[in-house]
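Understanding the architecture of this molecule
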Amino acid sequence: SQLTPTIAADGTGGAIVTWDDNRSGNYDIYAQSVNASGAVQWTSDGAALCAATGNQHSPAIVTDGLGGAIVTWTDLRGETFDIYAQRVNAFGAVHWTADGVALCTATEDQNSPMIAADGSGGAIVTWKDLRDGIGDIYAELIDALGRAGVHEPAIAAVEDIPGDQGGWTRIRIARSLLDDAVETGYPVISYNVWKRI
């Protein structure tokens, strides 16, 4: 069985379709590109975006702005349903971690993902989340490189240094996740602040 197809325009008159696929005995996530004339462009019968153990289902898709797409789905490779995502390029090759990037693996079930482009090659994914036993809506940003979360540094606090008549100010910065040498190859060891008059 091939079920629950969803579709996104590819920006060149064609489209990318994704679906649940049971050809291996459990449900996986597959995708196929179709050009403006209706001819399939990738591997016959589609490219596997996720073939992890357990069932994956309910894909949602959005264009990546470069002829490919970002796909998210509900994933049961663990004990409970989680949310994963994968980027596929215009040629049908996956770009992120094999079998997808985990967006949420919290306790209890997460399901019914929806996706929207973020305008920068990434996407914002929302889902229904039962971690508190009731059911809330959560969201996560994933960038074009498959990194989840917000990566920009942010000012966390600004404090006046007492006793110097306004001469010094302490600024606390929440560091960027990309400051790590592991991510960039060049660790960030400090931030500078300039006073503008």
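Only a predicted model underlies this, so the values are computations on that prediction, with no experimental measurement involved. (Residues numbered from 1 in each chain as written. Predicted model: local features only at pLDDT ≥ 70, side-chain atom pairs only at ≥ 80, totals over all residues. Heavy atoms only, no water.)

So, on to the overall build of the protein. Looking only at helices and strands, the protein has one helix and 13 strands in total. In the protein, the succession of helices and strands from N to C terminus is β-β-β-β-β-β-β-β-β-β-β-β-β-α. Here the C-alpha atoms of the protein give a radius of gyration of 21 Å, more than 25% beyond the 16 Å that 2.2 N^0.38 yields for 197 residues. Across its three principal axes, the protein shows a C-alpha extent of roughly 75 × 40 × 25 Å. Relative to its full complement of 197 residues, the protein shows a buried share of 35%. Long-range contacts, defined here as pairs at least 24 residues apart, represent 33% of the contacts in the protein between residues at least 6 apart. Approximately 11,300 Å² of the protein is accessible, and the part contributed by carbon and sulfur atoms is 55%. Averaging the positions of the 11 positive and the 25 negative side-chain charges in the protein gives two centres separated by 10 Å. (Helix = DSSP H or I, 4+ residues; strand = E, 2+ residues; numbered from the N terminus. Rg over C-alpha atoms; globule rule 2.2 N^0.38 Å. Buried < 20%, exposed > 50% of the residue type's maximum accessible area, 1.4 Å probe, protein only. Contact = heavy atoms within 4.5 Å. Areas by Shrake-Rupley, 256 points an atom, 1.4 Å probe, with all protein chains shown as cover. Lys, Arg positive; Asp, Glu negative; His and termini not counted. Charge placed at Lys NZ, Arg CZ, Asp CG, Glu CD.)

Looking now at the environment of Ala69. Mapped onto the secondary structure, Ala69 falls in strand S6 (residues 69–75). Its relative accessible area of 0% is what places Ala69 among the buried residues. Spatially, the C-alpha atoms of Ala69 and Leu103 are 17 Å apart, while their sequence positions differ by 34 residues. Ignoring sequence-local partners within four residues, the contact set of Ala69 consists of Ile16, Ile61, Val62, Thr63, Asp64, Gln86, Arg87 and Val88.

To continue, consider the side chain of Thr72. Inspection of the secondary structure puts Thr72 in strand S6. Residue classification places Thr72 among the buried positions, given a relative accessible area of 0%. Within the structure, Thr72 has its side chain in polar contact with the backbone oxygen of Tyr84 (distance 2.8 Å). Ignoring anything within four residues of it in the chain, the contact list for Thr72 reads Ser58, Pro59, Ala60, Ile83, Tyr84, Ala85, Leu103, Pro113, Met114, Ile115 and Val125. (Polar contact = N/O pair within 3.5 Å; in protein donor to acceptor, adjacent residues only side chain to side chain.)

Let us look at the sheet that holds strand S7 (residues 82–88). Within the open sheet, the four strands sit side by side as S5-S6-S7-S8. Their pairing is antiparallel. The sheet is open, and its two edges are formed by strand S5 (56–63) and strand S8 (101–104), each paired on a single side. For this sheet the average axis-to-axis angle between neighbouring strands, irrespective of direction, equals 30°. Sheet analysis places S6 next to S7, joined by seven bridges and oriented antiparallel. When the bridges of S7 are listed, Val71 appears paired with Gln86. (Pairing = 2+ DSSP bridges. Axes fitted to C-alpha atoms, helices over the stretch in contact; angles between N-to-C directions.)

Of the two faces of strand S10 (residues 123–129), the one holding Ala123, Val125, Trp127 and Asp129 is buried and the one holding Ile124, Thr126 and Lys128 is not buried anywhere. Where strand S9 (residues 110–117) lies against S10, six bridges are found, and the strand directions are antiparallel. Bridge assignment links Met114 to a residue of S10, and that residue is Thr126. Two successive antiparallel strands, S9 and S10, enclose a turn made up of five residues, where Gly119 displays a positive phi of approximately 85°. Across seven bridges, the pairing between S10 and strand S11 (residues 136–142) is antiparallel. In the sheet register, Trp127 faces S11, and the bridge partner there is Tyr138. In this structure, the hairpin formed by S10 and S11 is closed by a connection of six residues, where Gly133 is found at a positive phi of approximately 85°.

Moving on, we get to the pattern of salt bridges. Considering all chains together, one arrives at seven salt bridges under this definition. Across the pair Arg170 and Glu159 runs a salt bridge whose closest N-O atoms are separated by 3.5 Å. Of this pair, Arg170 sits in strand S13 (residues 169–174) while Glu159 sits in strand S12 (residues 154–160), placing them 11 residues apart in sequence. Its relative accessible area of 27% is what places Glu159 among the partly exposed residues. One salt-bridge network, in which partners are shared between bridges, spans Glu159, Arg170 and Arg172. (Salt bridge = Lys/Arg side-chain N within 4 Å of Asp/Glu carboxyl O.)

Turning to the sheet that holds strand S4 (residues 47–50), a few remarks are in order. Pairing is antiparallel in the open sheet, where four strands are placed in the order S1-S2-S3-S4. The sheet is open, and its two edges are formed by strand S1 (2–9) and S4, each paired on a single side. Within this sheet the neighbouring strands show an average axis-to-axis angle of 30°, counted without direction. The pairing of strand S3 (residues 28–34) with S4 spans three bridges and is classified as antiparallel. Bridge pairing in S4 links Ala31 to Ala47.

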